[in-house]
Amino acid sequence: LREARVQHLCRDTRGRCYDGLALRARREAAMDAGMTSMMRDLRKDHWSALHEIGDDAPMLFFEIWYTTAHSRVRLSAKSSAVTLISVLEARLLRDGSRDGKEDTFWQLAFLSRCKLELGEDSSRALARMDELWKELGMADTDRLFGVPRHALYAVGSGPWLMLLMRIALMEYLAGLLPRRYPLRWGLADALR
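What counts, and at which threshold
- Residues numbered from 1 in each chain as written.
- Predicted model: local features only at pLDDT ≥ 70, side-chain atom pairs only at ≥ 80, totals over all residues.
- Heavy atoms only, no water.
- Phe/Tyr/Trp six-rings, centres within 6.5 Å; stacked < 30°, edge-to-face > 60°.
- Lys NZ or Arg CZ within 6 Å of the ring centre and 35° of its normal.
- Core = buried A, V, L, I, M, F, W, Y, C linked by side-chain atoms within 4.5 Å.
- Buried < 20%, exposed > 50% of the residue type's maximum accessible area, 1.4 Å probe, protein only.
- Helix = DSSP H or I, 4+ residues; strand = E, 2+ residues; numbered from the N terminus.
- Contact = heavy atoms within 4.5 Å.
- Expected span 1.5 Å × (residues − 1).
- Lys, Arg positive; Asp, Glu negative; His and termini not counted.
- Salt bridge = Lys/Arg side-chain N within 4 Å of Asp/Glu carboxyl O.
- Disulfide = S-S within 2.5 Å.
- Patch = residues over 30% accessible without salt bridge, like charges linked within 9 Å, V, L, I, M, F, W, Y side chains within 5 Å.
- Areas by Shrake-Rupley, 256 points an atom, 1.4 Å probe, with all protein chains shown as cover.

A. Inspection of the packing of aromatic side chains at higher detail. Counted by the stated rule, this structure contains 9 aromatic pairs. Ring pairs connect the aromatic residues F105, W106, W133, F145, Y181 and W185, which therefore count as one cluster. A cation over an aromatic ring shows up here: R113 above the ring of Y172, its NZ or CZ 5.5 Å from the ring centre.

See the structure below:
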């Protein structure tokens, strides 16, 4: 018996017909090529581009892992994310951030969130975050976010996005690690 090939036809906005399976294969090939190219560029010169970009680089691969349904693409994205996170984490734990201890805390927080979701060990980064949490007085939520709750209305539109991302990150970590990083206020207050 011969197996019939199932076609998944789709149309664009102009009504042209395409084979959905062929489009999916092209998309997956393009994602593989893009991820391979990005990793090659990030590895150059002892990871200099990675260190220049910082924690945004592994986030691209993390988001691909998080959102794609294709298991081979997910595996490749996870592998790249873990590699990049490990390289950045090692440097942060050894040297800290060029921009100071507070930036080191935030970079480790973003990386730890990814490692936790990827099922990777984040104990070294979390231990350093714990030290910085105490050393920098970040148990004071106003200090942690760099703005007192009563002054949230005065935060400019530029810094607002980073503030919201940091608040959401800490609330998310509070869900993953209850009572480790308690907050006195959060997104509900910021969005009031």
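From this point, things continue past the structure.
B. Highlighting the nonpolar core. In this structure, L50, F105, W106, M129, L144, F145 and M170 are the most contacted members of the largest nonpolar core, which totals 50 residues. Elements with a minimum of two residues in this core: α1 (20-53), α2 (56-67), α3 (71-95), α4 (101-118), α5 (123-135), α6 (141-145) and α7 (157-176). In terms of residue count, the dominant contributor to this core is α3 (9 residues). Residues within four places of F105 in sequence aside, it is in contact with M129, L132, W133, M138, L144 and M170.

C. Structural context of α7. Here α7 spans 29 Å end to end across 20 residues, near enough to the 28 Å set by a 1.5 Å rise per residue. Residues L163, L164, R166, I167, L169, M170 and L173 constitute the buried set of α7.

D. Quick look at the side chain of E28. Considering the arrangement of structural elements, one finds E28 in helix α1. At 4.0 Å, R27 is the nearest oppositely charged side chain to E28, a buried residue that forms no salt bridge. Setting aside its immediate chain neighbours within four residues, E28 contacts H70, R72 and V73.

E. Expanded view of the state of the cysteines. Following the criterion strictly, the structure yields 0 disulfides and no others. With no disulfide of its own, C10 has C17 as its nearest cysteine by sulfur position, at a separation of 7.0 Å.

F. Examining a nonpolar patch on the surface more closely. Residues Y66, Y172 and L176 make up a contiguous nonpolar surface patch of roughly 280 Å² in combined accessible area. Note that Y172 resides in helix α7. Overall, Y172 belongs to the partly exposed group, its relative accessible area being 34%.

G. Fine view of the pattern of salt bridges. Taken as a whole and judged by the stated rule, the model has 14 salt bridges. Across the salt bridge formed by E131 and R128, the nearest N and O atoms sit 2.9 Å from each other. Placement of the pair is E131 and R128 together in helix α5, with a separation of 3 residues, close to one helical turn. The partner of D189 in a salt bridge is R192, and the shortest N-O contact between them spans 3.2 Å. Judged by relative accessible area, which is 77%, R192 ranks as exposed. Three or more residues joined by partner-sharing salt bridges are found here, namely D140, D142 and R184.

H. Quick peek at unusual backbone geometry. Despite not being glycine, D45 shows a phi value in the positive range, around 50°. Examined against the element boundaries, D45 turns out to sit in helix α1. On the basis of relative accessibility, which here comes to 62%, the residue D45 falls in the exposed class. Phi is positive for R179, close to 70°, though the residue is something other than glycine. Its place among the elements puts R179 in the loop between α7 and α8 (187-190).

Geometry only, nothing functional implied.
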